[in-house]
Amino acid sequence: MAEYLIRTMGSTELTTVLGWAGQEGWRPGVADAGYFYPTDPQGFFLGLLDGEPIGSISGVKYSPGYGFIGLYIVKPDYRGQGFGMQLWQTAMAYLQGGNIGLDGVVAQQGNYQKSGFHSAYRHVRYQGLSTVEAASSDNGIRAAASVPFAELLAYDSTLFPAPRPGFLKAWLNQTHGTALAVVREGRLQGFGVIRACHGGYRLGPLLADTANVAEALLTALVATLPEGSPFFMDIPEPNREALALAADRAMQPVFETARMYTQSPPNVAIGKLFAVTSLELG
């Protein structure tokens, strides 16, 4: 009788799991493990069959009232045998008591609804190719590191259901990425991050007061890439200005998920959310 064990995973094992995510076509960042894992080291679970890792799930607890499920993967040869359900139950039990979010791929959305999740809106991943454009000299673009972190955290907290200071500080200082902000009239009006991923670059978050600010940030971030590089951004569909921004750049939809919650959707200013940070951690 084969022995199936579920336990918390270590940081190097998370790197392996993100490799699985790459094989699924999810395009994780090349260094995401180093930013994801410290956010909640107890929230990453590995399923092992006779000692061999065959499945994973994350249930990151940002606060007692909010958690997020991601990286729900079972290797193809072991699907349909109940191993994934046990991982699912482990993560749900860990996050019990709070509102739980996830981004569900189309094929699994019905199963998530059976587990008590309700669809809030779609995230649509758009793909574009980088071009080098001249930036306006008065657009207020600057390195995010030049802005007091407390201001960046306060801005992020209006667009994410719980404060995430540790994660955000690391995310803004990526080894394989760039973080920029817009400061106009002495006030922070948005910021964004672009990072290397499997097969290109991922842009997220992209947070901005207005479409004009978002466009300035997008132009500046994409200009840091080698010309002709593929880049991707996951756009919340209710933000029509974000969709228009993608259309103006001839970006194409290539993937979609449903953002789902067990309780009411958190009250965030989605009109300022032009691209989500990640589909794995919310």
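Residues numbered from 1 in each chain as written. Predicted model: local features only at pLDDT ≥ 70, side-chain atom pairs only at ≥ 80, totals over all residues. Heavy atoms only, no water.

Caption draft 1: View of the overall build of the protein. Scanning the protein from terminus to terminus reveals eight helices and 13 strands. On C-alpha atoms alone, the protein measures out to a radius of gyration of 19 Å, which is about the 19 Å that the 2.2 N^0.38 rule sets for 282 residues. Counting every position in the protein, which comprises 282 residues, the buried fraction comes to 51%. The long-range share in the protein, meaning contacts at least 24 apart out of those at least 6 apart in sequence, stands at 73%. As presented, the protein carries roughly 12100 Å² of accessible surface, and 51% of it is formed by carbon and sulfur atoms. Charged side chains of the protein number 19 positive and 23 negative; the gap between the two group centres comes to 3 Å. (Helix = DSSP H or I, 4+ residues; strand = E, 2+ residues; numbered from the N terminus. Rg over C-alpha atoms; globule rule 2.2 N^0.38 Å. Buried < 20%, exposed > 50% of the residue type's maximum accessible area, 1.4 Å probe, protein only. Contact = heavy atoms within 4.5 Å. Areas by Shrake-Rupley, 256 points an atom, 1.4 Å probe, with all protein chains shown as cover. Lys, Arg positive; Asp, Glu negative; His and termini not counted. Charge placed at Lys NZ, Arg CZ, Asp CG, Glu CD.)

Caption draft 2: Structural context of the pattern of salt bridges. Tallying each qualifying case throughout the model produces 13 salt bridges. We note a salt bridge from R259 to D103, for which the minimum N-O separation is 2.9 Å. Separated by 156 residues along the polypeptide, R259 in strand 12 (residues 252-261) and D103 in strand 5 (residues 99-105) bring together distant segments of the chain. Relative accessible area serves as the criterion here: at 5%, R259 is assigned to the buried category. E280 serves as the salt-bridge partner of R202, at 3.6 Å between the closest nitrogen and oxygen. With R202 in strand 10 (residues 200-208) and E280 in the segment after strand 13 (273-275), this residue pair connects regions lying 78 residues apart in the sequence. One exposure class covers both R202 and E280, and it is buried. Overlapping salt bridges, with partners in common, bring together R125, R202, D234 and E280 in one network. (Salt bridge = Lys/Arg side-chain N within 4 Å of Asp/Glu carboxyl O.)

Caption draft 3: Here's a closer look at the nonpolar core. Counting residues in hydrophobic clusters, the biggest one holds 43 residues, and the most contacted among them are L14, F36, F44, Y62, L172 and F191. Broken down by element, the residue count for this core peaks at five residues, all from helix 1 (residues 11-23). With sequence-adjacent residues up to four places away left out, F44 is seen in contact with R7, T8, M9, L14, F36, Y37, I57, S58, V60, L71 and L281. In this structure, L180, L203, L243 and F274 belong to the second largest nonpolar core, which totals 26 residues. (Core = buried A, V, L, I, M, F, W, Y, C linked by side-chain atoms within 4.5 Å.)

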